[in-house]
Amino acid sequence: MFNAPELKNIFIGALIRQKVEESGMTYAEFAHRINTSRTNVYRIFESKSIDVERLIVISSVLDYDFIHKIYFADKPYLNPDQVKGLYEELKMLLQKKECAT
């Protein structure tokens, strides 16, 4: 069962601001890259929540997986190649187990 994080403790705008500053990107450049105004960027920075579609765009621009950080922080991130590798490893283990019986 999925357990939602303590949403009251997540301020996505502050995290986005931090990542923009770490990237060295100006606020104007960031605004341009996410197709919004600088005024809206400041609103985003002050936001406790954000539209998922916009968050996906921001994640792409900043090359940072905000969704994983917020919702799956306690679980390791697996890219598709890692998932495929785990699948293959499990498949081999099951085959060995079947051969042993």
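Residues numbered from 1 in each chain as written. Predicted model: local features only at pLDDT ≥ 70, side-chain atom pairs only at ≥ 80, totals over all residues. Heavy atoms only, no water.

A. Summary view of the overall build of the chain. The helix and strand inventory of the chain stands at six helices and zero strands. Seen in sequence order, the chain has helices and strands lined up from the N terminus as α-α-α-α-α-α. Counted over contacts in the chain with a minimum sequence separation of 6, partners at least 24 positions apart contribute 57%. Of the accessible surface of the chain, which amounts to about 7800 Å², a share of 55% is contributed by carbon and sulfur atoms. (Helix = DSSP H or I, 4+ residues; strand = E, 2+ residues; numbered from the N terminus. Contact = heavy atoms within 4.5 Å. Areas by Shrake-Rupley, 256 points an atom, 1.4 Å probe, with all protein chains shown as cover.)

B. Inspection of the environment of Glu22 at higher detail. Among the structural elements, Glu22 can be located in helix α1 (residues 12-23). Counting along the chain gives 40 residues from Glu22 to Leu62, while the straight-line C-alpha distance between them is 9.4 Å. At 3.1 Å, the side chain of Glu22 forms a polar contact with the side chain of Lys19. (Polar contact = N/O pair within 3.5 Å; in protein donor to acceptor, adjacent residues only side chain to side chain.)

C. Looking closely at the pattern of salt bridges. Counted according to the given criterion, the structure contains three salt bridges. The salt bridge involving Glu46 is made with Arg17; its shortest N-O contact spans 3.0 Å. One end of the pair, Glu46, is in the loop between α3 (38-45) and α4 (52-62); the other, Arg17, is in helix α1, with 29 residues separating them in the sequence. Arg33 is the partner of Glu29 in a salt bridge, and the nearest nitrogen-oxygen pair spans 4.0 Å. A residue pair is termed a helical-turn pair when its members lie 3 or 4 positions apart in one helix, as Glu29 and Arg33 do in helix α2 (residues 27-33) at four residues. Residue Glu29 is classed as partly exposed on the basis of its relative accessible area of 36%. Using a relative accessible area of 42% as the deciding quantity, one classes Arg33 as partly exposed. (Salt bridge = Lys/Arg side-chain N within 4 Å of Asp/Glu carboxyl O. Buried < 20%, exposed > 50% of the residue type's maximum accessible area, 1.4 Å probe, protein only.)

D. Quick peek at the nonpolar core. Ranked by size, the top nonpolar core spans 18 residues in total, and within it Ile16, Phe30, Ile58, Leu62 and Phe66 carry the most contacts. Where this core is concerned, the elements lending two or more residues are α1, α2, α3, α4 and α5 (66-71). With residues near it in sequence (within four places) discarded, Ile58 still touches Ile16, Phe30, Ile34, Ile44, Ile50 and Phe66. (Core = buried A, V, L, I, M, F, W, Y, C linked by side-chain atoms within 4.5 Å.)

E. How the structure looks around the confidence of the model for the chain. Residue-level pLDDT values for the chain average 83, and 79% of them are 70 or greater. The lowest-confidence element of the chain is helix α6 (residues 80-100), averaging 76 in pLDDT; the highest-confidence one is α2, averaging 97. (pLDDT = per-residue confidence, 0-100.)

F. Expanded view of the side chain of Ser59. Position of Ser59 among the secondary structure elements: in helix α4. Only 3.5 Å separates the side chain of Ser59 from the backbone nitrogen of Phe66, close enough to count as a polar contact. Those residues in contact with Ser59, other than ones at most four positions away along the chain, are Tyr64, Asp65 and Phe66.

G. Geometry of the packing of α1 against α4. Between α1 and α4, the least distance of the axes is 10 Å, while the angle of their chain directions is 20 degrees. Overall, the two elements α1 and α4 adopt an arrangement that is roughly parallel. Here α1 and α4 pass one another in a crossing that is left-handed. Of α4, the residues touching α1 (which contributes Ile12, Ile16, Lys19, Val20 and Ser23) are Leu55, Ile58 and Leu62. When its residues are assigned to classes, the contact of α1 with α4 shows six nonpolar, one polar and one charged. (Axes fitted to C-alpha atoms, helices over the stretch in contact; angles between N-to-C directions. Parallel < 35°, antiparallel > 145°, perpendicular 65-115°, else oblique. Left-handed = near helix turned anticlockwise from the far one by under 90°. Nonpolar A, V, L, I, M, F, W, Y, C, P; charged D, E, K, R; others polar.)

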